[in-house]
Amino acid sequence: MTVDRLKAAIRDVPDFPKPGILFKDITPILGDPDLFREAVNIFVDRHRDRGIGKVAVIDARGFIFGAAIAYQLGVGIVPIRKKGKLPYRTHEESYELEYGAATLAVHVDAFRPGERVLLVDDLLATGGTALASANLIRRAQATVAEIDFLIELEFLQGRHKLRDYSVYSAIKF
Ligand code: AMP
């Protein structure tokens, strides 16, 4: 089964980027053309002809899957980036990380009002990154149709933080 093959390909890297974190390395999926296509197609099949207007992609690994999904759905991409990277006027959202805080930004004119947006990232951990991104989409006058992840770390209960949204993950640990 596709999901089992994808799950088996994910590499666990202990203590990266800091002690105590078990990092889920998706580069073995990215490097295999069959696995990469299968991973992208899970999301394409789910959203084809469902009225998605844009795919919003989260800095940085969300860009990889989100761009391929948007290309296949025939819709545009909106990058949600770390503060200071986008050149035009932005909305910004700050959120708490395990240590310290981070700020994400989106261009103020990225969406048409009311446009249905699919938000994509590689992995759901605590949900802070995705919640800040969803808030940015709403502030830019668009609607979050669904938030999709390749991987969900269920024990961190990030889904609870995203309870106001429809959330889908392909692979659960
Ligand atoms: P969070 O805001 O806690 O849900 O963290 C999600 C973001 O951090 C995603 O963009 C992931 O790429 C990254 N991330 C968090 N934890 C991990 C992990 N264990 N392995 C790989 N990436 C992670």
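Fair warning: this is a prediction, and the values are worked out from it, not measured in the lab.

J.: Honestly, the site of the ligand in this entry has me stumped. Any pointers?
T.: Taken together, 13 residues form the shell around the ligand, and within it R61, D121, T126, G127 and T129 come nearest. In this structure, K24 approaches the ligand through a main-chain N or O atom, which is 2.9 Å from a nitrogen atom. Taking R61, its side chain carries an N or O atom lying 2.7 Å from an oxygen atom of the ligand. For the ligand, the accessible surface in isolation is 480 Å², of which the surrounding protein chains cover 82%. Those elements that place two or more of their residues in the shell around the ligand are β2 (22-25), β7 (116-124) and α5 (128-139). Each residue belonging to the shell around the ligand can be placed in one class, and the counts come to five nonpolar, four polar and four charged.

J.: Whenever I open this one, α5 confuses me. Can you help?
T.: In an α-helix there are 3.6 residues to a turn, and that puts residues three or four apart on one side. Counted at 1.5 Å a residue, the expected span for α5 with its 12 residues is 16 Å, and the 17 Å between its end C-alpha atoms agrees. Every buried residue of α5 is accounted for by G128, A130, A132, S133, A134, L136 and I137. Q141 sits one or two positions beyond α5 and adopts a positive phi of about 75°.

J.: How should I be thinking about the sheet that holds strand β6 (residues 101-107) in this particular structure?
T.: Strand pairing in a sheet takes place through backbone hydrogen bonds and is either antiparallel or parallel in direction. Read across the sheet, seven strands follow the order β5-β6-β4-β3-β7-β8-β9 without closing on themselves; strand pairing throughout is mixed. The sheet is open, and its two edges are formed by β5 (90-96) and β9 (167-172), each paired on a single side. Between one strand and the next, the sheet's axes are offset by a mean angle of 20°, whatever the strand orientation. Looking at chain direction, strand β3 (residues 54-58) and strand β4 (residues 76-82) are connected through five bridges and run parallel. The residue bridging V55 from the neighbouring strand is I77, located in β4. Where helix α3 (residues 33-47) meets the sheet, it contacts β7, β8 (143-152) and β9, and its direction lies at approximately 155° from that of β8.

J.: It is not clear to me how the nonpolar core should be interpreted in this structure. Could you clarify?
T.: The tendency in soluble globular proteins is for nonpolar side chains to be buried as a group. The biggest cluster of nonpolar side chains holds 28 residues, and the ones touching the most others in it are I29, V55, F65, I69 and L150. Of all the elements, α3 adds the most residues to this core, at six residues. Once residues within four sequence positions are removed from consideration, V55 is found in contact with G66, I69, A70, L73, V75, G76, I77, V78, L118 and V120.

J.: How should the packing of helix α1 (residues 2-9) against α3 be read in this particular structure?
T.: At their nearest, the axes of α1 and α3 sit 10 Å apart, and the two run at 125° to each other. On the basis of the axis angle, α1 is oblique to α3. You can see that α1 and α3 cross each other, and the crossing is left-handed. Residues T2, V3, R5, L6 and A9 of α1 touch α3, and the partners they reach there are L35, E38, A39 and I42. Among the residues forming the contact of α1 with α3, the class breakdown is six nonpolar, one polar and two charged.

Scoring rules and cut-offs
- Residues numbered from 1 in each chain as written.
- Predicted model: local features only at pLDDT ≥ 70, side-chain atom pairs only at ≥ 80, totals over all residues.
- Heavy atoms only, no water.
- Near = heavy atom within 4 Å.
- Polar contact = N/O pair within 3.5 Å; in protein donor to acceptor, adjacent residues only side chain to side chain.
- Areas by Shrake-Rupley, 256 points an atom, 1.4 Å probe, with all protein chains shown as cover.
- Helix = DSSP H or I, 4+ residues; strand = E, 2+ residues; numbered from the N terminus.
- Nonpolar A, V, L, I, M, F, W, Y, C, P; charged D, E, K, R; others polar.
- Expected span 1.5 Å × (residues − 1).
- Buried < 20%, exposed > 50% of the residue type's maximum accessible area, 1.4 Å probe, protein only.
- Pairing = 2+ DSSP bridges.
- Axes fitted to C-alpha atoms, helices over the stretch in contact; angles between N-to-C directions.
- Contact = heavy atoms within 4.5 Å.
- Core = buried A, V, L, I, M, F, W, Y, C linked by side-chain atoms within 4.5 Å.
- Parallel < 35°, antiparallel > 145°, perpendicular 65-115°, else oblique.
- Left-handed = near helix turned anticlockwise from the far one by under 90°.

Any functional reading would require information that these geometric values do not contain.
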